[in-house]
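Report on the structure
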Amino acid sequence: MFACIYIPNFPVAAALRAEPDLQARPVAIFEGKPPLEKIIAVDESAARLGIAPGMTKAQAELCSELALRLRSPLQESSTHAALIDCAQSFSPCVEDSACDTVLLDLAGMESLLGSVAEIARALFERALTLGFKPNIAVASNSDAALLAARGFSGITVIPAGKEVEHLGALPVTVLFAEQLDADQKDEAGHLLGTLDRWGIRNLRALAALPEVALSERLGQRGLYLQQLARGGSLRTLVPVEAPLLFEEAVELDHPIVLLEPLAFLLNRLLEQVCSRLASRALATQELCLTLALSNLTGIDDDYLNAGIPSESDGSVATQTTSQIISSRQTKFTRKLSLPLPMLDAKVFLKLLQLDLNAHPPGAPIMQIHLSAEPARPRSAQGGLFLPPAPEPEKLELTLARIAGIVGEDRVGALELLDTHHPEGFRMRRFVAEVARKTPQKQTPDSSEAQAAITALRRFRPPLRVNVMLENGQPSRLNCAKKKEVQGEVLWKAGPWRSSGDWWERDAWSRDEWDLAVRNGEAVSFYRLVHDLLGGGWFIEGTYD
Amino acid sequence: MSSVVVPTSAALGRPFLFDAQSEGEVSCHPERSGKCAKRVARAVEGSLPSLDPKLAGVIPASRLEARPAPEMVTSGIAEIDALTGGLPRGCLTEIYGTASSGRTSVMLAALAAATRRGEYCALIDASDALDPQSVASSEINLDRLLWVRCSDDAPKKSKGNNSPTRIPTAAELGFTSRAFDFQKKNAHESEHRLEQVLRATDLLLESGGFGLIVLDLAEVLPQAARRIPLTTWFRFRRAVEHKPTMLLVVEQQPIAGSCSSLLLRLGVLSTQYSVLSSNRSADESASSLPSHAQLLTGLEIHIELIRSRLERKPAQSVMFETQAAWAG
């Protein structure tokens, strides 16, 4: 059995998927260059108001209730990708017939997903969650399913051998797709005109025509159409190997200046992306947000279209114009790398909001493009006796918030570098991996306590001190910045010389002393450093 | 309306149900002592065991005096474990002392013990003072330690007067500017860092999942640290209550008041610091050796239990030694 998912009135469906609020209003889609924009698609409400494809935009604007939207290839592309994802979540063999039509091979799926009627119902509901309302048809061959989806709205199941009965009443126009290029439109128009002159209005009449006479008049094409009308066409599907691209985009009629309305749109895009990932049982570990910003203001189209005359040739003017056009919309890109594969639209939205708060675009936003890098979802088996660990989603949000407080590179895990430099470390991302049983001892007995290490507390930056030397050794020190760090040196150990990175610009060479310094009644232990290259004395830290 | 004042069983540490032995200890309002005594006697007479002998062995459902004791885990130092029983989960612990009193060593030992148990830890470093080599020498699992480094360069955001983490300024608390002229700049920096510490602590406590959260306020001026409202400490304590998270505060002076369940004071007595020479012979004193023959091998730390709400034991103190990483 084969199933067909068909989205009627595809440009309107793509616009409604991007703006669900428009479903309550009549909608018409136009395209073309002003002032010659023409209506190319309308929904049922707009058709009842008398708006029809072919009208000019100016004529359609007379209807105040009508919502007019410019045709958006980006939105149609996203809708088509969502259609493919919907189909591939049910069958591995999917044919991408047209931008608004996909065919699925349901062989072997009944044992997994239930009867064909249940599969059709599940397909319909999955499509609704992805934001569009399709026609679903199931038949014994792919072409019959395709014709039924084009002709009947809702869910249609044609039992095997009953194709002619079910398809006979459909008009001959269903033999041709809605979205055709110019040549195909001409051919379709010619054939439909011929059939109309013959009085052939429906598929039953076409199926009843004599084959020889039909082939003499319409050729092989006519015979093929008759085969389709009889529901007898048999062909194999050409499966699509669609790349795993999860992208959603929206073009804005009016630029967005504030981050709050941007968050509203981002939420919708994220939900759509997450739905598509979930339909494929995937998660994501990287999100890429690209905003097209409106950079230049006050430059009108006449200036751009006229161009600038050049002394040599027009290429310079062309380049200048294209540069202006390309620079009119600069791209602002932010990448969000996640420590673990996740699939939570709310968490993604919050992370993007925190990131945009820290790095605002700086210009009005004209277009939003969101893409997600697919990854296998993480699988974790929690244990009853394992120590608690932070939830990855919560932790990621918390770390993003803390980074907004203290700075991005000041929160994370510590990583030691392979160097003798005293500050040989760097910050790296803190990831709370799923706790797993380790061979480490985990007994909390006090017998497991080890000897405490004498720790050093560093001063960042090191404190500059004035040191009195006696026989070349520090005898007294005084720090202007920190009054507590001063006094007589009671005891000293050193110097310990170290140096490194002499081949780099940041070479270092120093002598270290460990001191016990009396300040009043208190005795403190410090590490004193003499910078041999710069010549200064510093207190690097306190032994505490 | 008559009333009788009866101390609660929880306050007296006695069983909830009255029994005949507690008859004489119940106190009454002095003006109504006659009626009160009769009422109490009636209550005692009417207590359940006397009414029905079968109920003599009944354990009351509400044991107000028996609050479950928090789980104690090792602090990483055997002497501290012997003194306090370890560090309590779900409680706020304070350790305070002056510079070179061993606070950081105790802090790193606690972090090492926690990461050895497989727990995730967070260190909110108000002064950005953590030494990576000391961390590595303490055998802390670096993958399980989250380090939050507060600084003066962080973006400053004013959150308004109603922020729970806002530190009241000196002027708001009635301090004149004259008293803080000499440390005005340092105090302002301390306030900014403290605000970062408190906000980060709030976020980490809300996130949950950490076995140990350490607030390192050792370099924060006491006058700045004392400005943290007690309500903040109360909120932190409530946030960790009934959870496996330990909250440890390292400071110069106690600042959390009654919110802390365990208060420890560390110190190194001025005449008892221990520095050993690597080549000292029996008839040579340490001071006679040249400095390049001297080596800091450790510190002798004195730790005193000031307060413990967990067990009522008299204050005690112990001494223990820390070992320098190069001492072997």
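Residues numbered from 1 in each chain as written. Chains lettered and ligands numbered in written order. Predicted model: local features only at pLDDT ≥ 70, side-chain atom pairs only at ≥ 80, totals over all residues.

**Here's the deal with the overall build of chain B**
Broken down by element type, chain B carries 9 helices and 10 strands. By sequence separation, contacts in chain B at least 24 residues apart represent 74% of the contacts at least 6 residues apart. (Helix = DSSP H or I, 4+ residues; strand = E, 2+ residues; numbered from the N terminus. Contact = placed C-beta atoms within 7 Å.)

**Points about the overall build of chain A**
The helix and strand tally for chain A stands at 16 helices and 21 strands. Pairs at least 24 apart in sequence give 61% of the contacts found in chain A among residues at least 6 apart.

**What to know about the interface of chain B and chain A**
At the junction of the two partners, chain B supplies 70 residues and chain A supplies 58 residues. Elements supplying a minimum of two residues to the side of chain B that touches chain A: α4 (78–84), α5 (103–116), α6 (132–137), β5 (145–149), α7 (184–207), β9 (298–308) and β10 (317–323) of chain B. At 8 residues, the largest contribution of residues to the side of chain B that touches chain A is made by α5(B). Grouping the amino acids of the side of chain B that touches chain A by side-chain chemistry returns 34 nonpolar, 25 polar and 11 charged. Of the pairings in the sheet, the one linking strand β13 (residues 411–416) of chain A to β5(B) comprises 2 bridges and is antiparallel in character. Opposite A:V411, over in β5(B), you have B:V148 as the bridge partner. (Nonpolar A, V, L, I, M, F, W, Y, C, P; charged D, E, K, R; others polar. Pairing = 2+ DSSP bridges.)

**Comments concerning the nonpolar core**
If you look at the biggest cluster of nonpolar residues, it comprises 204 residues, and the most contacted ones within it are A:A3, A:I5, A:A145, B:L111 and B:V148. Contacts of A:I5, omitting those with residues within four sequence positions, involve A:L83, A:C86, A:A87, A:V102, A:L123, A:A127, A:P134, A:I136 and A:A149. (Core = buried A, V, L, I, M, F, W, Y, C linked by C-beta atoms within 7 Å. Buried ≥ 20, exposed ≤ 12 C-beta atoms within 10 Å, placed from the backbone.)

**Section: the environment of A:R510**
Residues and elements named next belong to chain A. Inspection of the secondary structure assignment puts R510 in strand β19 (residues 508–519). On a C-alpha basis, the gap between R510 and P495 in space is 9.2 Å, while along the polypeptide they are 15 residues apart. Leave out the neighbours within four places in its chain, and R510 touches S498, V529, H530, D531 and L532.

**Re the sheet that holds strand β2 (residues 27–31) of chain A**
Residues and elements named next belong to chain A. If you trace the 3 strands from one edge of the open sheet to the other, you get β3-β2-β4, paired in mixed fashion. On the outer flanks of this sheet lie β3 (38–42) and β4 (67–70), each paired with one strand and no other. Each adjacent strand pair in this sheet contributes to an overall mean axis angle of 35°, direction not counted. Pairing geometry for β2 and β4, over 4 bridges, is parallel. Bridge pairing in β4 places V27 opposite A67. The strands touched by helix α1 (residues 10–18) are β2, β3 and β4; relative to β2, the strand with the most contacts, the crossing angle is about 110°. (Axes fitted to C-alpha atoms, helices over the stretch in contact; angles between N-to-C directions.)

**Some words on helix α9 (residues 182–197) of chain A**
Residues lying three or four places apart along an α-helix face the same way, a consequence of the helix completing one turn every 3.6 residues. Over its 16 residues, α9(A) extends 22 Å from the first C-alpha to the last, a length consistent with the 22 Å expected when each residue adds 1.5 Å. Burial within α9(A) is sparse, with just 1 of its 16 residues counted as buried. (Expected span 1.5 Å × (residues − 1).)

**Quick notes on the pairing of β3(A)**
All names here are of chain A. Bridging between β2 and β3 involves 4 bridges; their strand directions are antiparallel. By the bridge assignment, I29 is partnered in β3 with A41. Turn length for the β2-β3 hairpin, with the two strands adjacent in sequence and antiparallel, is 6 residues, and the turn residue G32 shows positive phi of about 120°.

**Side note on the packing of helix α15 (residues 345–358) of chain A against helix α16 (residues 392–406) of chain A**
Residues and elements named next belong to chain A. Following both chains from N to C, one finds α15 and α16 inclined at 10°, their axes separated by 10 Å at the closest point. By the angle between their directions, the pair α15 and α16 is classed as roughly parallel. Residue-level inspection shows V347, K350, L351, L354, N357 and A358 of α15 in contact with α16, the latter providing E393, E396, L397, A400, R401 and G404. For the contact of α15 with α16, the class distribution of residues is 6 nonpolar, 2 polar and 4 charged. (Parallel < 35°, antiparallel > 145°, perpendicular 65-115°, else oblique.)

**Examining the sheet that holds strand β16 (residues 466–470) of chain A**
Residues and elements named next belong to chain A. Strand order in the open sheet formed by 7 strands is β15-β21-β20-β19-β18-β17-β16, with antiparallel pairing between adjacent strands. Two strands lie at the open edges of the sheet, namely β15 (456–464) and β16, each paired on one side alone. Pairwise comparison of adjacent strand axes, ignoring direction, gives a mean angle of 30° for this sheet. Direction of pairing for strand β17 (residues 473–478) relative to strand β18 (residues 486–500): antiparallel, over a ladder of 3 bridges. Paired with R476 across the bridge in β18 is E488.

**Regarding α15(A)**
All names here are of chain A. The end-to-end C-alpha distance of α15, which contains 14 residues, comes to 20 Å, matching closely the 20 Å that a straight helix rising 1.5 Å per residue would cover. Residues of α15 that are buried include every one of A345, F348, L351 and L352, and no others. For α15, the arc enclosing every buried residue in end-on projection is 125°, short of the 170-degree limit, so these residues lie on one face. (Arc of directions from axis to C-beta.)

**Some thoughts on the environment of A:L49**
Residues and elements named next belong to chain A. The topology assignment puts L49 in the loop between α2 (44–48) and α3 (57–60). On the basis of neighbour count, L49 is assigned to the partly exposed category, with 15 C-beta atoms found within 10 Å. In the structure, L49 is positioned 23 residues away from P26 in sequence and 8.3 Å away in space, judged by C-alpha atoms. What L49 contacts, discounting residues up to four positions off in sequence, is P26, C63 and L66.

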